[in-house]
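The residues making up each chain are set out below.
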Amino acid sequence: MREIDILNPRDRDLLTRLKDHYNESLETFTNNQIVGLFLQGSQNYELDLPGSDVDTKLIVVPSFKDIALARKPVSTTHLRANEEHIDFKDIRLYIETFRKQNLNFLEILFTPFTMINSMYFDQWDRLIEERESIARMNPWRAVKSMKGIALEKYHAMEHAYPSKVDVLAKHGYDPKQLHHLVRVDNYLTRYIAGESYESCLIPEDNMKEFLLEIKRGKWPLEKARELAEISLAHVEGIADAFCEKTHDEEDSAMRELLEDVSYNIMKIAVEEELKNG
C-alpha cells in the first residue's frame, strides 16, 4: 500500500484510523480485491470538529467468479463498532459515480488521506493526473448535482430522523445539515466562477470559521431558518442560470479514460487471481 507522508499529530491520527478501516475491510475482501481506501467527509474540507467521526470509501474489484456468475456489484455501507462508516463500492460503480459529477464522490480524487494498493498504482495515478478534468467533465451535471444536494440538506435540516431526535430537541434543527447547505452554496459559487475544483473543496478562512460556528449550533432556530432560505435561494438562482446557458454534454476523452482505467484495474485483478489459482 502507498500512503502519504504525515507530519502533524492530527494527520497522523487520521492515517492511523484509516489503517484501522483498511484492516477491518480485510475481514470482507482479500488484499488484491482492494483498489484503495479513501477518507471522505469533513476532514477533507477542513471542517471537522474534535471528536468528528472518520468515514471512508473502499473501492474494490470483483472476483473472477463474481464476474462469471454476473453477481451484483458490491455497494454497501459497513458500520464499524464505533459507528464510523466504510462505504464498500465496486470499481465499476464508482467509476460511474464520477460521471454523475457528485462532489461527495469526486472528493476522493483530491483527498491526501488515501491508501492505494500497489497493484493499481499506475492506473489510479492516471485518474489523479486528470482529476481537475474529470471533476469538470460535465459542468451542467455537476451544477445540477450540487443543487440537488442543497435541496436535500435544506429539507433534512428540520426532519425528525430517529438519529437526530436529540439534536432537534436541543436546537430545533440540525446544525450539521445547515452547515452543509451553506458550504454547498459557497462551493457552487466558486465552481461556477471557474476556481479549481481542489480549491473549491476547502472554504476560505473567513467562511471556514463561519461554517464551523454554524456546525457547533451557535445559531438560534429563526436565524438558522433565514440563513437556510437565503442559501437555498442563492443556490437555485445561480444553478438555474448556469444550466440555462450550458448543456448536458460530457467530455468524451474523460469518459474513455474512466472506462479504460476501470477495465485495466479489473484485468490486473483477474490475471493475478487466475495466476495464483
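Residues numbered from 1 in each chain as written. Predicted model: local features only at pLDDT ≥ 70, side-chain atom pairs only at ≥ 80, totals over all residues. Heavy atoms only, no water.

## Side note on the overall build of the chain
Here comes step 1: A tally of regular secondary structure across the chain gives 13 helices and six strands.
Here comes step 2: Computed over its C-alpha atoms, the radius of gyration of the chain comes to 20 Å, within 12% of the 19 Å expected for a compact globule of 277 residues.
Here comes step 3: Each principal axis of the C-alpha atoms in the chain carries an extent, and together these give about 65 × 45 × 40 Å.
Here comes step 4: With 277 residues in all, the chain has 46% of them scored as buried.
Here comes step 5: Contacts in the chain between residues at least 24 apart in sequence constitute 75% of all its contacts with a sequence separation of at least 6.
Here comes step 6: As displayed, the chain offers around 13,700 Å² of accessible surface, 50% of which is attributable to carbon and sulfur atoms.
Here comes step 7: With 36 positive and 50 negative side-chain charges, the chain shows a separation of 2 Å between the mean positions of the two kinds. (Helix = DSSP H or I, 4+ residues; strand = E, 2+ residues; numbered from the N terminus. Rg over C-alpha atoms; globule rule 2.2 N^0.38 Å. Buried < 20%, exposed > 50% of the residue type's maximum accessible area, 1.4 Å probe, protein only. Contact = heavy atoms within 4.5 Å. Areas by Shrake-Rupley, 256 points an atom, 1.4 Å probe, with all protein chains shown as cover. Lys, Arg positive; Asp, Glu negative; His and termini not counted. Charge placed at Lys NZ, Arg CZ, Asp CG, Glu CD.)

## A few points about helix H1 (residues 9-25)
What sets the pattern is the α-helix's 3.6 residues per turn: residues three or four places apart point alike.
Here comes step 1: Its 17 residues place the ends of H1 24 Å apart at the C-alpha level, agreeing with the 24 Å of an ideal helix rising 1.5 Å per residue.
Here comes step 2: Of the residues making up H1, those classed as buried are Asp11, Leu14, Leu15, Leu18, His21, Tyr22, Glu24 and Ser25.
Here comes step 3: Put simply, Asn8 is the residue that caps the front of H1, since its side-chain oxygen is 2.7 Å from the backbone nitrogen of Asp11. (Expected span 1.5 Å × (residues − 1). Polar contact = N/O pair within 3.5 Å; in protein donor to acceptor, adjacent residues only side chain to side chain.)

## Digging into the pairing of strand S2 (residues 34-40)
Here comes step 1: For S2, the tally of buried residues reaches seven of seven residues, placing the bulk of the element in the interior.
Here comes step 2: When S2 meets strand S3 (residues 55-60), the two strands line up antiparallel, connected through six bridges. Paired with Gly36 across the two strands is Ile59, which belongs to S3.
Here comes step 3: As paired elements, S2 and strand S6 (residues 114-116) share three bridges and run antiparallel to each other. Counterpart to Phe38 in the pairing with S6 is Thr114. (Pairing = 2+ DSSP bridges.)

## So, the environment of Leu227
Here comes step 1: Among the structural elements, Leu227 can be located in helix H12 (residues 221-245).
Here comes step 2: Once the C-alpha coordinates of Leu227 and Val182 are considered, the two residues, 45 residues apart in sequence, prove to be 8.2 Å apart.
Here comes step 3: In contact with Leu227, not counting residues within four places along its chain, are Leu178, Val182, Phe210, Ile214 and Trp219.

## A word on the side chain of Gln40
Here comes step 1: On the secondary structure map, Gln40 appears in strand S2.
Here comes step 2: At 3.1 Å, the side chain of Gln40 and the side chain of Lys57 are in polar contact.
Here comes step 3: Apart from the residues lying within four places of it in its own chain, the contact partners of Gln40 are Asp55, Thr56, Lys57, Asp87 and Glu107.

## Re the pairing of strand S5 (residues 85-90)
Here comes step 1: When you tally the buried positions in S5, you get five out of six residues, the bulk of the element.
Here comes step 2: Across five bridges, S3 lies against S5 in parallel orientation. Looking at the pairing, Val60 lines up with Asp90 of S5.
Here comes step 3: Inspection of the sheet shows strand S4 (residues 75-79) paired to S5 by five bridges, in the antiparallel sense. Following the sheet pairing, Leu79 is matched in S5 by His85.
Here comes step 4: In this structure, the hairpin formed by S4 and S5 is closed by a connection of five residues, where Glu83 is found at a positive phi of approximately 75°.

Read these as layout, nothing more, since geometry by itself doesn't imply function.
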